[in-house]
Number of protein chains: 2
Amino acid sequence: MPPPPNTSELLRTERSNSNINISAITALLDHNLTLRRREIESRIESCPTFSNLPNANLSRLELHSRALAKHIKMMEIARQLRISLDDCTSPEFVMLVQAVADDLPTLLHWGMFVPNIKCLCDDEQTKKWLPLCSDCRVVGCYAQTEMGHGSNVRGLETTAVYDKATESFTISTPTLTSTKFWPGSLGKSANTAMVIAQLIDSTGANRGVHNFIVPIRDLNTHSPLPGVTVGDIGSKLGYNKMDNGYLKLDRVVIPRENMAMRFSQINANGIYEKINLDDSTAKISYITMMQVRAQIVAMASTALAQACTISIRYSAVRTQGFDATGKKERQILDYVQQQHRLFGYLASSYTFFFSGRRIMENLKSIERGVLEGTRSVSKYQIGDLHASLSTLKAFCSTVAAEGIENCRRACGGHGYLVASGFPELLTTYQQNPTVEGDNYMLPQQTGKVLLKLLGAIIDGDGVDTVEAEWAGCDAFYLIDGIRRLSENSAAEVIESPEAAIDVALLLKILKRRSSRILVEVGTSINEGLGEGAELSEVWNDSLVQIARVSNAHAGVLLMQSFDDFLKSEELTGKELDAMKQLACLFGLMLVEKDAGDFQDILDKAGVDHVRKAVLLVLKKIRPNAVGLVDAFDFSDFRLKSVLGRYDGEVYEHLMKSCEADMMNRQQVIQPVVSLGGSGLTSKL
Amino acid sequence: MPPPPNTSELLRTERSNSNINISAITALLDHNLTLRRREIESRIESCPTFSNLPNANLSRLELHSRALAKHIKMMEIARQLRISLDDCTSPEFVMLVQAVADDLPTLLHWGMFVPNIKCLCDDEQTKKWLPLCSDCRVVGCYAQTEMGHGSNVRGLETTAVYDKATESFTISTPTLTSTKFWPGSLGKSANTAMVIAQLIDSTGANRGVHNFIVPIRDLNTHSPLPGVTVGDIGSKLGYNKMDNGYLKLDRVVIPRENMAMRFSQINANGIYEKINLDDSTAKISYITMMQVRAQIVAMASTALAQACTISIRYSAVRTQGFDATGKKERQILDYVQQQHRLFGYLASSYTFFFSGRRIMENLKSIERGVLEGTRSVSKYQIGDLHASLSTLKAFCSTVAAEGIENCRRACGGHGYLVASGFPELLTTYQQNPTVEGDNYMLPQQTGKVLLKLLGAIIDGDGVDTVEAEWAGCDAFYLIDGIRRLSENSAAEVIESPEAAIDVALLLKILKRRSSRILVEVGTSINEGLGEGAELSEVWNDSLVQIARVSNAHAGVLLMQSFDDFLKSEELTGKELDAMKQLACLFGLMLVEKDAGDFQDILDKAGVDHVRKAVLLVLKKIRPNAVGLVDAFDFSDFRLKSVLGRYDGEVYEHLMKSCEADMMNRQQVIQPVVSLGGSGLTSKL
């Protein structure tokens with residue numbers, strides 16, 4: 001038997017074998033705020049309130065209480081470090097929240113309630129509520145989803161009935177299924193809810209869903225107000241320090257001024273009116289939702305980065321299977337299969353970073369422009385953004401959830417331990433595929449927009465018109481792509497594996513796929529309609545293929561953002577080379593995974609070259625793998641993983657974590673019977 | 001807003017719309033023991049010891065204690081109902097354990113320790129140990145895996161050094177990495193361990209790994225014996241009532257007779273000798289491992305069945321999105337996309353059942369035959385079995401883990417709640433892809449066997465010889481498949497979507513794929529070797545493609561078992577039709593998912609027909625979907641899911657589960673600081 005490996009030494013060797021300048025990449029990922037981030041992290045990590053010692057044996061109530069204390073302390077530190085909490089998308093806010101490395105029960109206050117006030121309330125309302133929000137006298141939540149109603153907002157049952165005489169709304173959840181259900185921070189933390197309800201005006205007419213600010217708990221005692229029944233919805237797969245809640249409202253009365261009134265209101269005379277309805281301003285009401293989706297893209301990158309850091313470092317210190325000499329076991333990172341399962345996610349993490357950054361910048365610029373009146377946004381641009389965000393949210397969060405789980409499995413049995421860091425990372429992440437637009441619903445949104453574009457091209461407003469309307473849009477490439485499709489149907493020629501390692505070529509292939517599947521689905525829908533079928537039936541029968549359209553579009557957007565970055569000169573030299581390898585790997589693995597989509601775009605030899613090209617790129621990435629995860633610069637405090645430790649002392653700390661476990665405080669555990677049982681105490 | 005749906009009524013309608021005889025299918029799945037199963041379940045469910053009320057807020061220690069009580073009570077009920085615990089693969093044992101619907105800390109005693117004694121110990125040893133095991137005076141575990149050593153058994157560091165003078169072994173775990181780590185039941189429950197160690201005989205020669213029975217705790221006090229350090233390895237992603245453990249042995253001495261001696265021993269003279277080494281008998285030593293893998297295939301079917309029951313019933317009562325009239329919301333089960341994501345797993349569950357049953361029967365017959373001396377097993381048959389079980393274990397547990405998670409997501413947000421039943425089902429299941437042969441390692445085992453077969457065909461022992469050697473083997477089809485490959489390279493013609501709905505055709509396509517990928521990989525390995533590369537390097541570079549070989553082989557085996565069943569006349573009429581639809585869906589979705597593998601086997605029109613055929617089959621299955629999950633006959637007690645309740649009263653019970661949650665016992669939760677903090681108590 002060979003001697004056990006010196007795990008720290010193995011990591012040190014990896015680091016000295018890598019030839020890239022890690023800190024240049026870290027600066028890029030940090031938006032050039034690395035020092036500031038480290039300052040924030042060091043403040044958090046040195047404060048005992050933020051202790052993240054293993055706590056899998058504490059009850060939810062205890063965990064929630066501790067998380068509340070973290071919230072209070074975090075606000076204090078934010079003040080001291082002059083970090084504004086007003087904009088939850090600002091890099092410093094994100095850094096602060098990520099530094100805490102724990103669920104904060106009040107996160108939806110900053111993340112949805114405050115942005116909603118800013119976006120949907122008029123100036124007078126904003127002036128009243130924002131200061132109350134700033135010092136957390138008001139802690140808010142966003143109460144849209146009901147027990148029986150999720151994605152179909154039109155189906156919400158909660159009502160807000162206006163009474164002209166008292167100038168007030170009566171808010172009710174009249175049925176069991178209308179119980180507000182799931183809003184984060186609602187269960188125990190919030191004292192105020194932004195409630196989404198059907199507005200019934202004084203004529204009895206239903207004006208559709210609107211937003212209402214509803215006090216639910218006494219600002220002083222925190223007790224529920226009359227007519228309010230509120231509580232936590234119970235334990236979840238993860239994210240258990242957050243108090244997702246339920247809310248029943250039994251004829252709760254709020255003043256007229258508590259309706260969010262920037263875009264519509266009941267005026268003092270009791271008349272419902274829409275206001276500020278010019279095209280571009282009104283669309284900004286979507287921006288909160290869009291921002292949340294953009295954040296999910298960015299978070300997908302971060303979550304994958306964390307999973308890759310743990311699994312790649314561990315794969316460098318874990319040895320298994322003898323080498324050719326039979327005297328030494330091999331690092332499992334040297335197995336091509338291990339590289340294949342891990343480096344694809346590493347590439348995805350970087351890819352998502354560039355897309356997330358680009359789309360958030362785009363959103364911010366639109367928001368600023370519209371608010372300042374310097375920029376107008378066409379319905380094509382809004383539709384395009386909506387299409388991009390819908391497919392990117394779905395694509396990135398699906399890949400990240402799958403990736404975290406695969407990184408966990410790549411650590412073998414040890415990845416199943418809480419001490420590995422994976423269980424918390426994974427189970428908390430797993431909410432992302434279903435929140436903020438279910439990943440199976442969202443592709444329809446993308447499909448609708450792209451099929452409309454296809455319709456415009458085919459039915460011919462004239463290509464020039466379409467090109468003008470969609471100028472600058474993400475989906476613009478489809479106009480040319482669809483045209484070329486009919487002109488040129490020969491397979492793309494890839495001469496060798498080496499020739500496939502080419503971002504421009506990969507982008508071209510991905511665009512061809514996207515254009516072709518879109519046209520196929522459009523044709524098939526038209527055929528169905530031509531045969532006299534109902535649109536809703538044809539649409540239903542097309543859902544599976546529409547998901548392919550969305551998926552293919554996401555591939556192009558992601559590859560395009562990465563390509564734009566590569567051309568930006570933000571990095572140079574060996575660091576740029578490393579990024580190019582990751583971009584190629586991402587594109588190559590998309591083709592490899594969905595090879596069936598490329599039939600006739602690539603011939604069999606082409607696909608085989610792609611498969612071999614993947615292996616060539618893995619070999620290139622291998623020496624820098626540890627460096628490329630080190631560049632994410634996660635502290636051990638944030639990773640919470642004995643397997644992913646920076647120093648590689650995996651086994652020593654694995655042992656320590658076992659020895660400290662509460663199961664080992666007593667040698668003999670007696671069997672006990674639960675509720676009302678007979679109290680067996682016989683030993684085994 | 002339309003009125004909320006009557007969920008119970010929706011399920012009743014589904015049941016009256018289905019035209020299949022559910023109980024015939026249930027009987028099949030129960031091996032015709034449905035009444036017995038229900039008797040067992042009713043005994044368990046009526047006993048308060050087995051209460052499975054939500055317990056996500058209890059500590060692991062409490063959960064483990066309760067599970068111990070369940071173990072004791074279960075043994076009592078087994079005695080009363082005359083269920084033998086001696087054979088963990090018997091249908092009655094499986095039914096009993098499944099009826100408990102909870103992790104039993106002692107499961108590895110029955111599942112691995114006892115079978116190991118039976119299989120590896122000689123008659124005298126068996127006579128001594130089995131009675132002690134039967135009444136749980138000895139509670140055993142199987143201690144193979146070490147902290148630093150998993151799949152590579154040759155790399156284990158634990159030693160058993162024989163001393164001729166005292167006729168004893170000294171067992172040691174000399175390093176940190178040799179600490180036994182992960183064995184189930186080891187941490188707290190077991191008093192005896194089957195320890196796998198390198199045997200060093202009295203000449204100092206290493207005789208390789210062998211099994212040793214090592215007492216680790218006092219049979220009366222349950223305290224660890226001298227030289228033994230033992231404990232629990234800490235909280236895991238799931239399966240937390242099981243006490244996976246660690247074990248350090250500091251020169252623990254055991255008598256010579258505690259080595260498992262059926263196949264090798266140190267005799268009284270201190271000489272190491274192998275015994276009973278005729279080909280077929282010795283191979284039986286693999287049977288325990290093979291049985292565990294076969295059980296994993298069967299369990300993959302059960303776990304998927306459970307996930308499908310919850311998600312398909314819930315999809316029948318959940319409504320969302322208006323129908324064409326705009327007055328009623330649609331059942332989400334009517335969305336083709338929902339069918340596409342769920343029915344494939346339903347089909348997989350049935351498919352895995354038939355494969356699991358077949359391979360377990362095969363194993364049992366071999367075991368019986370060999371033990372009774374009436375059957376001999378050739379090395380080809382053993383290799384073939386090993387190849388089949390390796391790929392099936394990996395394939396089925398990968399699909400099941402993915403399927404449970406996708407069924408969870410198909411329930412939207414509510415699937416994230418513990419009350420949905422998914423978190424426990426999922427997190428407990430997620431150990432399966434890494435235990436008992438990691439799913440990324442196992443395909444190599446399959447690849448090795450199939451490549452050997454390929455070599456024999458090509459290098460030509462003569463086809464007749466090869467056919468004789470592999471007669472009756474699962475991989476036999478490859479002989480003909482490889483021959484046809486060179487004879488016939490035209491694409492398979494599929495004229496229409498309807499024509500693709502054909503089990504025989506699908507089986508043919510799957511066999512072509514499997515044969516072709518095998519030949520491609522074999523050729524590529526030979527080319528690599530021809531260019532002078534090291535075998536280990538060529539093998540490493542081929543791992544990704546070898547996984548495709550294994551995956552393709554699994555597809556054939558699964559489809560073949562299903563086809564054999566369809567021809568068996570165990571079911572007839574509408575029930576047989578329903579099974580045929582599931583078989584077709586399984587095959588079609590394999591082709592749809594891996595379409596890139598079929599390039600040149602199917603042309604683009606063929607693949608498009610397959611995609612459309614999937615939709616046609618989904619439509620056929622739709623009316624029977626609830627019936628086909630009802631047929632699994634899970635009690636609400638076993639499902640533990642408010643979403644999957646038989647009566648459909650989803651929302652009422654969702655609300656009840658929230659109201660009972662411990663988070664709602666107090667209105668105001670105070671923030672508290674964890675370890676050594678300053679004790680902030682300010683309210684929000």
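Everything quoted here is computed from the prediction, not taken from an experiment. (Residues numbered from 1 in each chain as written. Chains lettered and ligands numbered in written order. Predicted model: local features only at pLDDT ≥ 70, side-chain atom pairs only at ≥ 80, totals over all residues. Heavy atoms only, no water.)

### Comments concerning the overall build of chain A
Point 1. Assigned secondary structure in chain A consists of 23 helices and 13 strands.
Point 2. On C-alpha atoms alone, chain A measures out to a radius of gyration of 27 Å, which is about the 26 Å that the 2.2 N^0.38 rule sets for 684 residues.
Point 3. With respect to the three principal axes, the spread of C-alpha positions in chain A is 90 × 80 × 55 Å.
Point 4. A burial count over chain A gives 64% of its 684 residues as buried.
Point 5. Partitioning the contacts of chain A with sequence separation of at least 6, the portion at a separation of at least 24 is 74%.
Point 6. Taken as a whole, chain A presents about 24700 Å² of accessible surface, with 52% of it coming from carbon and sulfur.
Point 7. Measuring between centres, the 72 positive side-chain charges of chain A sit 5 Å from its 80 negative side-chain charges. (Helix = DSSP H or I, 4+ residues; strand = E, 2+ residues; numbered from the N terminus. Rg over C-alpha atoms; globule rule 2.2 N^0.38 Å. Buried < 20%, exposed > 50% of the residue type's maximum accessible area, 1.4 Å probe, protein only. Contact = heavy atoms within 4.5 Å. Areas by Shrake-Rupley, 256 points an atom, 1.4 Å probe, with all protein chains shown as cover. Lys, Arg positive; Asp, Glu negative; His and termini not counted. Charge placed at Lys NZ, Arg CZ, Asp CG, Glu CD.)

### Concerning the interface of chain B and chain A
Point 1. With 140 residues of chain B at the contact, the number on the chain A side is 140 residues.
Point 2. Buried surface at the junction of chain B and chain A, both sides included, amounts to about 12900 Å², of which 60% is carbon and sulfur.
Point 3. Linking chain B with chain A are 12 salt bridges, by the criterion used here.
Point 4. Note that E537(A) is salt-bridged to R330(B), the shortest N-O span being 3.8 Å.
Point 5. Seen at the junction of chain B and chain A, the total is 40 residue pairs in polar contact (both at pLDDT 80 or more). (Buried area = accessible area lost by both parts, 1.4 Å probe. Salt bridge = Lys/Arg side-chain N within 4 Å of Asp/Glu carboxyl O. Polar contact = N/O pair within 3.5 Å; in protein donor to acceptor, adjacent residues only side chain to side chain.)

### Describing helix 18 (residues 535–566) of chain B
Point 1. Given a rise of 1.5 Å per residue, 32 residues ought to cover 46 Å, and the 43 Å separating the end C-alpha atoms of helix 18 of chain B matches this to within 8%.
Point 2. A large share of helix 18 of chain B lies buried, amounting to 24 of its 32 residues. (Expected span 1.5 Å × (residues − 1).)

### As for the relation of the copies chain B and chain A
Point 1. Superposing chain B onto chain A requires a rotation of 180 degrees together with a translation of 0.0 Å along the rotation axis, leaving an RMSD of 0.0 Å. In the structure described here, the two chain copies are related by an operation that fits a two-fold rotation axis. No C-alpha of chain B approaches the rotation axis more nearly than that of G596(B), which lies at 1.8 Å. (Least-squares fit on C-alpha atoms with pLDDT ≥ 70 in both.)

### Thoughts on the packing of aromatic side chains
Point 1. Applying the stated rule across the entire model yields 24 aromatic pairs over all chains.
Point 2. Directly above the aromatic system of Y646(B) lies the positively charged group of R15(B), at a separation of 3.6 Å from the ring centroid. (Phe/Tyr/Trp six-rings, centres within 6.5 Å; stacked < 30°, edge-to-face > 60°. Lys NZ or Arg CZ within 6 Å of the ring centre and 35° of its normal.)

### Points about the pairing of strand 8 (residues 245–249) of chain A
Residues and elements named next belong to chain A.
Point 1. In terms of residue burial, strand 8 counts as a mostly covered element, since four of its five residues are buried.
Point 2. Inspection of the sheet shows strand 4 (residues 180–181) paired to strand 8 by two bridges, in the antiparallel sense. Directly across from F181, in strand 8, lies its bridge partner Y246. (Pairing = 2+ DSSP bridges.)

### Examining the pattern of salt bridges
Residue and element names in this part refer to chain A.
Point 1. Scanning all chains against the criterion turns up 92 salt bridges over all chains.
Point 2. In this structure, D630 engages R313 in a salt bridge whose closest nitrogen and oxygen atoms are separated by 2.9 Å. Taken together, the residues D630 in helix 21 (residues 625–630) and R313 in helix 9 (residues 287–317) connect sequence positions 317 residues apart.
Point 3. A relative accessible area of 6% places D630 in the buried class.
Point 4. Residue classification places R313 among the buried positions, given a relative accessible area of 1%.

### Topic: the sheet that holds strand 4 (residues 180–181) of chain B
Strands belonging to one sheet form pairs held by backbone hydrogen bonds; the direction of such a pair is parallel or antiparallel.
Point 1. Here three strands make up an open sheet; going across it, the order is 4-8-7 (chain B) and the pairing antiparallel. The strands lining the two open edges of the sheet, one partner per strand, are strand 4 and strand 7 (228–232) of chain B.
Point 2. The strands that helix 23 (residues 650–659) of chain A touches are strand 4, strand 7 and strand 8 (245–249) of chain B; relative to strand 8 of chain B, the one it contacts most, it runs at about 110 degrees. (Axes fitted to C-alpha atoms, helices over the stretch in contact; angles between N-to-C directions.)

### Considering the UniProt feature "binding site: FAD" (unreviewed entry) in chain A
All names here are of chain A.
Point 1. Per the UniProt record, the feature "binding site: FAD" (unreviewed entry) sits at T145 and G184. These residues run over 40 residues, yet every pair of their C-alpha atoms falls within 10.6 Å of each other.
Point 2. With respect to the helices and strands, the residue T145 is situated in the loop between strand 1 (140–143) and strand 2 (159–163).
Point 3. On the accessibility criterion, T145 (27% relative accessible area) is partly exposed.
Point 4. Those residues in contact with T145 that sit more than four places away from it in its chain are G150, T179, K180, F181 and P183.
Point 5. Looking at the secondary structure, you find G184 in the loop between strand 4 and strand 5 (192–200).
Point 6. Judged by relative accessible area, G184 falls into the buried class, the value being 10%.
Point 7. For G184, the contacting residues outside a window of four places in its chain are L108, C141, M242, D243 and N244. (UniProt positions renumbered as here; feature names shortened; annotations may be inferred.)

### Focus on the nonpolar core
Point 1. Grouped together as the largest cluster of nonpolar side chains are 217 residues, with contacts concentrated most on I312(A), L346(A), Y350(A), M579(A), L628(A), F169(B) and F212(B).
Point 2. Residues contacting F212(B), with those up to four places away along its chain left out, are A160(B), F169(B), I171(B), A193(B), M194(B), V195(B), A197(B), L199(B), I254(B), N258(B) and M259(B).
Point 3. Listed in part, the 168 residues of the second largest apolar core include M290(B), V503(B), V591(B) and V617(B). (Core = buried A, V, L, I, M, F, W, Y, C linked by side-chain atoms within 4.5 Å.)

### Overview of the domain arrangement of chain A
Residue and element names in this part refer to chain A.
Point 1. Domain boundaries in chain A define domain 1 (114–277) and domain 2 (286–629).
Point 2. Taken over C-alpha atoms, the centre of domain 1 sits 37 Å from the centre of domain 2.
Point 3. Each partner contributes to the interface: domain 1 provides nine residues, whereas domain 2 provides nine residues.
Point 4. Here domain 1 packs against domain 2, burying approximately 660 Å² in sum over the two surfaces, 57% of which is carbon and sulfur.
Point 5. Contact with domain 2 buries area across many residues of domain 1, yet S151, L237 and Y239 alone supply 55% of it, more than any other trio.
Point 6. There are zero salt bridges connecting domain 1 and domain 2.
Point 7. In this structure, the connection of domain 1 to domain 2 is made through zero residue pairs in polar contact (both at pLDDT 80 or more). (Domains from an automatic or database assignment.)

### Some remarks on the packing of helix 17 (residues 503–530) of chain A against helix 18 (residues 535–566) of chain A
All names here are of chain A.
Point 1. At a minimum axis separation of 9 Å, helix 17 and helix 18 run at an interaxial angle of 165 degrees. Put simply, helix 17 runs roughly antiparallel to helix 18. Relative to helix 18, the crossing made by helix 17 is left-handed.
Point 2. In terms of residue class, the contact of helix 17 with helix 18 is made up of 18 nonpolar, eight polar and four charged. (Parallel < 35°, antiparallel > 145°, perpendicular 65-115°, else oblique. Left-handed = near helix turned anticlockwise from the far one by under 90°. Nonpolar A, V, L, I, M, F, W, Y, C, P; charged D, E, K, R; others polar.)

### Describing the sheet that holds strand 8 of chain A
Point 1. The strand order across the open sheet built from three strands is 4-8-7 (chain A), with neighbouring strands paired in antiparallel fashion. The open sheet has two edge strands with one neighbour each: strand 4 and strand 7 (228–232) of chain A.
Point 2. Strands in contact with helix 23 (residues 650–659) of chain B are strand 4, strand 7 and strand 8 of chain A; relative to strand 8 of chain A, the strand with the most contacts, it is inclined by about 110 degrees.

### A short note on helix 17 of chain A
All names here are of chain A.
Point 1. Its 28 residues give helix 17 an end-to-end C-alpha distance of 40 Å, which sits within 8% of 40 Å, the value for a rise of 1.5 Å per residue.
Point 2. Put simply, D502 is the residue that caps the front of helix 17, since its side-chain oxygen is 2.9 Å from the backbone nitrogen of A504.
Point 3. Remark: G532 follows helix 17 within two positions and exhibits a positive phi of approximately 90 degrees.

### Section: the side chain of T106(A)
Residues and elements named next belong to chain A.
Point 1. The topology assignment puts T106 in the loop between helix 5 (91–100) and helix 6 (107–120).
Point 2. Residue class for T106 comes out buried when judged on its relative accessible area of 1%.
Point 3. Ignoring sequence-local partners within four residues, the contact set of T106 consists of H71, V139, S185 and S189.

### Some details on the pairing of strand 12 (residues 319–322) of chain B
All names here are of chain B.
Point 1. By the bridge criterion, two bridges tie strand 12 to strand 13 (residues 329–331) in an arrangement that is antiparallel. By the bridge assignment, F322 is partnered in strand 13 with E329.
Point 2. Taking the residues between adjacent antiparallel strands as the criterion, strand 12 and strand 13 are bridged by six residues, where G326 takes a positive phi near 75 degrees.

### Digging into the confidence of the model for chain A
Point 1. Summarising the model, chain A shows a mean pLDDT of 92, and 96% of its residues fall at 70 or more.
Point 2. Reported for the predicted complex are a pTM of 0.96 and an ipTM of 0.96. (pLDDT = per-residue confidence, 0-100.)

### Re the state of the cysteines
Linking two cysteines covalently via their sulfur atoms produces the bond known as a disulfide.
Point 1. Summed over the entire model, instances satisfying the criterion amount to zero disulfides over all chains.
Point 2. No disulfide involves C411(B); its sulfur sits 7.4 Å from that of C407(B), the nearest cysteine.
Point 3. Exposure remark for C411(B): the relative accessible area of 4% places this residue in the buried category.
Point 4. Among the cysteines around C658(B), which has no disulfide bond, C141(A) carries the closest sulfur, lying 15 Å off. (Disulfide = S-S within 2.5 Å.)

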